[in-house]
Each structure stands twice: as C-alpha cells, then as structure tokens.
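# Observations on the three-dimensional arrangement
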Amino acid sequence: MTEPVRLAKRLAAQLGCSRREAEQYIEGGWVRVDGVVVEEPQARVLDQRIELDADASLLAAGPVSILLHKPPGFVAGSAAGPATAPAPKSAPGPAPKSAPGAAPKSAPGAAPKSA
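All figures in this text were calculated on a predicted structure; none of them were measured in a lab.

The rules behind the values
Residues numbered from 1 in each chain as written. Predicted model: local features only at pLDDT ≥ 70, side-chain atom pairs only at ≥ 80, totals over all residues. Heavy atoms only, no water. Salt bridge = Lys/Arg side-chain N within 4 Å of Asp/Glu carboxyl O. Helix = DSSP H or I, 4+ residues; strand = E, 2+ residues; numbered from the N terminus. Pairing = 2+ DSSP bridges. Contact = heavy atoms within 4.5 Å. Axes fitted to C-alpha atoms, helices over the stretch in contact; angles between N-to-C directions. Patch = residues over 30% accessible without salt bridge, like charges linked within 9 Å, V, L, I, M, F, W, Y side chains within 5 Å. Areas by Shrake-Rupley, 256 points an atom, 1.4 Å probe, with all protein chains shown as cover. Buried < 20%, exposed > 50% of the residue type's maximum accessible area, 1.4 Å probe, protein only.

A full pass over the atoms with the stated rule returns six salt bridges. Here glutamate 51 ties to arginine 32 by a salt bridge, and the two come within 3.9 Å at their closest N and O atoms. Pair noted here: glutamate 51 is in strand β5 (residues 50–52) and arginine 32 is in strand β2 (residues 31–33), with a separation of 19 residues, a long-range link. In this structure, the salt-bridge partner of glutamate 51 is arginine 49, at a minimum N-O distance of 2.1 Å. Each of Arg6, Arg20, Glu23 and Glu27 takes part in salt bridges that share partners, so that together they form one network.

Spelled out as structure tokens, the structure:
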C-alpha cells in the first residue's frame, strides 16, 4: 500500500518542474484533482487523476502606471478634503541680507542686552 503524497510534489514530478512552480500552478487555480479545482498545495493525493489547465500560466501581471489628479488647493492626507485656505501661489524669496558691518538683530521675543 502506498502513502499519499503532497499534490505539489506529485504535480512537480508529473510536469518535470520545480515544487515551487507546481505550488504556483495549484494556488493559481490551474490544477484539478479528479475534475475538482484544488488550491492547496499541501493537499494529499494517492491515485487520483491530476490535470493542469491548458491555459495555465505562471507569468506575472505586467507593470502598471497609476495617475492621480490632485486639484489646486487640495491638501494631501487631509480627511476633510480641500484646504480652508488656498495653497500659496509661489514660494517666498530669500531672506533679506543685512548691510555689512551692521549689528545683528536679536531674535524676536529675546530680551534686549543691557550695557
């Protein structure tokens, strides 16, 4: 009396492919055992008839591009949707430079230095 074996192992031997490829066929729904689709590679089989669908393929889906439209004024990640204030039209310019030799200004809110 023979022991049942994993479906993936038996399919790999039948097709001459690797067990991983056999598992991919099984998980993809391409394999039938006695006419019933089986999607578990660990299923045990003994003398059942194993068939691979004629259209079976291991090709991965091709790359895709996703284009999103973000309307003006919409703040990404905001649950409320559009921002209450419009987005700035342009970035502010560089900070003005002080004249050479001029004393540096104190930071806002800093106490003036006493002499």
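Having seen the structure, we can now continue with the description.
This brings us to the sheet that holds β5. Taken in spatial order, the three strands make up an open sheet running β3-β2-β5, and their pairing is antiparallel. Of all the strands in the sheet, the pair left with one neighbour each is β3 (36–37) and β5. Judged from the two bridges that link them, β2 and β3 form a sheet pairing that is antiparallel. When the bridges of β3 are listed, valine 33 appears paired with valine 36. Most of the contacts of helix α1 (residues 7–15) go to β5, to which it runs at about 65°, and overall it touches β2 and β5.

Taken together, the side chains of Val64, Ile66 and Leu68 make up a nonpolar region of the molecular surface, amounting to roughly 410 Å² of accessible area. You can call isoleucine 66 exposed: its relative accessible area is 68%.

So yeah, pure geometry; function would need other evidence.
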